[in-house]
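Below, each chain spelled out in residue letters.
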Amino acid sequence: MSEKRLTGRKALVTGGARGIGAAIAQALADAGASVMIGDILADLGKETAAGIARSGVKAGFVALDVTDDGQWEKAVSATVETLGGFDILINNAGIEITSLVVDLKAEDIRRMLDVNVLGVALGMKHAFRAMRPGGAAGAGGAVVNVASVAATIAFPAISVYSGTKSAVDRMTRVGAMEAGKLGYGVRVNCLYPGLAPTEMGMKLASDIVAVGLAPDVNAAVGSVVEQTPLARLAEVGDIADAAVFLCSNEARFITGAGLPVDGGMGM
Ligand SMILES: NC(=O)c1ccc[n+]([C@@H]2O[C@H](COP(=O)([O-])OP(=O)(O)OC[C@H]3O[C@@H](n4cnc5c(N)ncnc54)[C@H](O)[C@@H]3O)[C@@H](O)[C@H]2O)c1
């Protein structure tokens, strides 16, 4: 078999059962990496992993709620054991609960902070521990955190979500700084995807209608497209290709960066 960009690499993708995570997992596999999917959706996660395995790489599923420190430890061990190493982490799992500021609910704020901020922070922690010299995998690697164009613009009805994604952006920089300075051999970058028509993306479009900011879903989507110089929504493959790049040797001198994949919406 000819060498591909990520041949021999071993990846864990959180929230990889569906949507952007599933597309990133497939793209990593297409580039030659073996892949573990970590998600709270076991049936769908196993199905997605089985689909990826059909493309000829090793692929598996591990139950992982990214808000749980203990489950992270088990997921990293399972990745090292199943794939024979661990040198790519895609911190993709995330949730969005739409609300105008005046209607925010404390429990929704806490839930978004838990999954989007705590989840990414724990992911970096366990990836660094495993990938740094002397760690369970010990061969360095790459972490890609999935932030959002929401970290770079002001979009109504997603204030807390946007705040959590700005936190992901900042944690990416500090993580990259520590991993570089402390000689872990791990690069850390993030992506700012634009609106993609996944379950999350389409629910946001209908929520925008529900809070009275657009007359219907077509108008909500149309307004995003209008704000996007390349004049379309993101496709999951756009985001997946950028993730593959950031994990690859072509990005070997890139760390602490945020890469927009938003058709120019956030420029
Ligand atoms: N869809 C968009 O328009 C868009 C735009 C910018 C950024 N993003 C970000 O991309 C990422 C993926 O979004 P998506 O559109 O594919 O969403 P999605 O809702 O379709 O999929 C999210 C996945 O994350 C999993 N997940 C949720 N909570 C989890 C937890 N606690 N532990 C483990 N897994 C968990 C879900 O089960 C699901 O498989 C998110 O971080 C999201 O914020 C999405």
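Residues take numbers from 1 onward in each chain, read along the sequence in its written order. Local features in a predicted model are, by the rule used here, given only for residues with pLDDT of at least 70; side-chain atom pairs are given and counted only at 80 or more, and totals for whole chains, interfaces and linings are based on all residues. Side-chain measures were taken over the full set of non-hydrogen atoms in the model, leaving aside hydrogen atoms and water.

## A closer look at the overall build of the protein
To keep it simple, the criterion reads: Each helix is a run of H or I in the DSSP string that is no shorter than four residues. Each strand is a run of E no shorter than two, and both are numbered from the N terminus. We compute the radius of gyration from the C-alpha atoms alone; for a globule the expected value is 2.2 Å times N to the 0.38, where N is the number of residues. The buried label applies to any residue whose accessible area, calculated with a 1.4 Å probe on protein chains only, is under 20% of its type's maximum; exposed applies above 50%, and partly exposed to all values in between. The criterion used for residue contact is that any of the two residues' heavy atoms lie within 4.5 Å. Methods summary: accessible areas were calculated by the Shrake-Rupley approach with a probe of 1.4 Å, and residue burial reflects only the protein chains presented. In this charge count, Lys and Arg are treated as positive and Asp and Glu as negative; neither His nor the chain ends contribute. Just so you know, the charge point we use is NZ for Lys, CZ for Arg, CG for Asp and CD for Glu.
Counting its secondary structure elements, the protein contains eight helices and seven strands. For the protein, whose C-alpha radius of gyration is 18 Å, the value lies close to the compact-globule estimate of 18 Å for 267 residues. If you line up the protein on its principal axes, its C-alpha atoms span 55 × 35 × 35 Å. Relative to its 267 residues, the protein shows a buried fraction of 51%. Of the contacts formed within the protein by residues at least 6 apart in sequence, a portion of 72% connects residues at least 24 apart. For the protein, the exposed area adds up to about 11,800 Å²; of that, 56% sits on carbon and sulfur atoms. When the 23 basic and 27 acidic side-chain charges of the protein are each reduced to a single mean position, those positions are 8 Å apart.

## Things to note about the sheet that holds strand β2 (residues 34-39)
The test is simple: Any two strands with at least two DSSP bridges between them are considered paired. An axis is simply a line fitted to the C-alpha atoms; with a helix, the fit covers only the stretch in contact. Between two such axes, the angle follows the N-to-C directions and lies from 0 to 180 degrees.
Here we have seven strands laid out as an open sheet, ordered β3-β2-β1-β4-β5-β6-β7, and parallel in their pairing. The two strands at the open ends of the sheet, each matched to only one other strand, are β3 (59-63) and β7 (258-261). When the angles between neighbouring strand axes are averaged without regard to direction, this sheet yields 20 degrees. When strand β5 (residues 141-146) meets strand β6 (residues 186-193), the two strands line up parallel, connected through six bridges. By the bridge assignment, G141 is partnered in β6 with V186.

## Regarding the environment of G141
Secondary-structure assignment places G141 in strand β5. G141 sits in the buried class, given a relative accessible area of 14%. Sequence separation of G141 and G264 is 123 residues, and the distance between their C-alpha atoms is 29 Å. Once residues lying within four places of it in the same chain are set aside, the contact partners of G141 are R9, D87, M131, G185, V186 and R187.

## Some words on the pattern of salt bridges
Note the following rule: Here, a salt bridge means any side-chain nitrogen of Lys or Arg that lies within 4 Å of a carboxyl oxygen of Asp or Glu.
Counting across every chain of the model gives eight salt bridges. D207 is paired through a salt bridge with K203; the nearest N and O atoms lie 2.9 Å apart. With D207 and K203 both in helix α6 (residues 199-210) and four residues apart, the pair spans about one turn of that helix.

## A look at the site of the ligand
Put simply, the rule reads: Being near a molecule or strand, for a residue, means having at least one of its heavy atoms within 4 Å of it. Definition of a polar contact: a pair of N or O atoms within 3.5 Å, with one able to donate and the other able to accept a hydrogen when the atoms are protein atoms, and with sequence-neighbouring residues admitted only if both atoms are side-chain atoms. Any residue outside Ala, Val, Leu, Ile, Met, Phe, Trp, Tyr, Cys, Pro, Asp, Glu, Lys and Arg is labelled polar, Gly included; the first ten of those are nonpolar and the last four are charged.
Around the ligand there are 29 residues in total, and D39, N92, Y161, A196 and T198 lie nearest to it. Between the ligand and A196 there is a distance of 2.7 Å, counted from an oxygen atom to a backbone nitrogen or oxygen. Considered on its own, the ligand offers 830 Å² of accessible surface; in the complex 96% of this is hidden by protein. Every element with two or more residues in the shell around the ligand is listed here: α1 (19-30), α5 (159-181) and α6. Residues of the shell around the ligand, tallied by class, amount to 16 nonpolar, eight polar and five charged.

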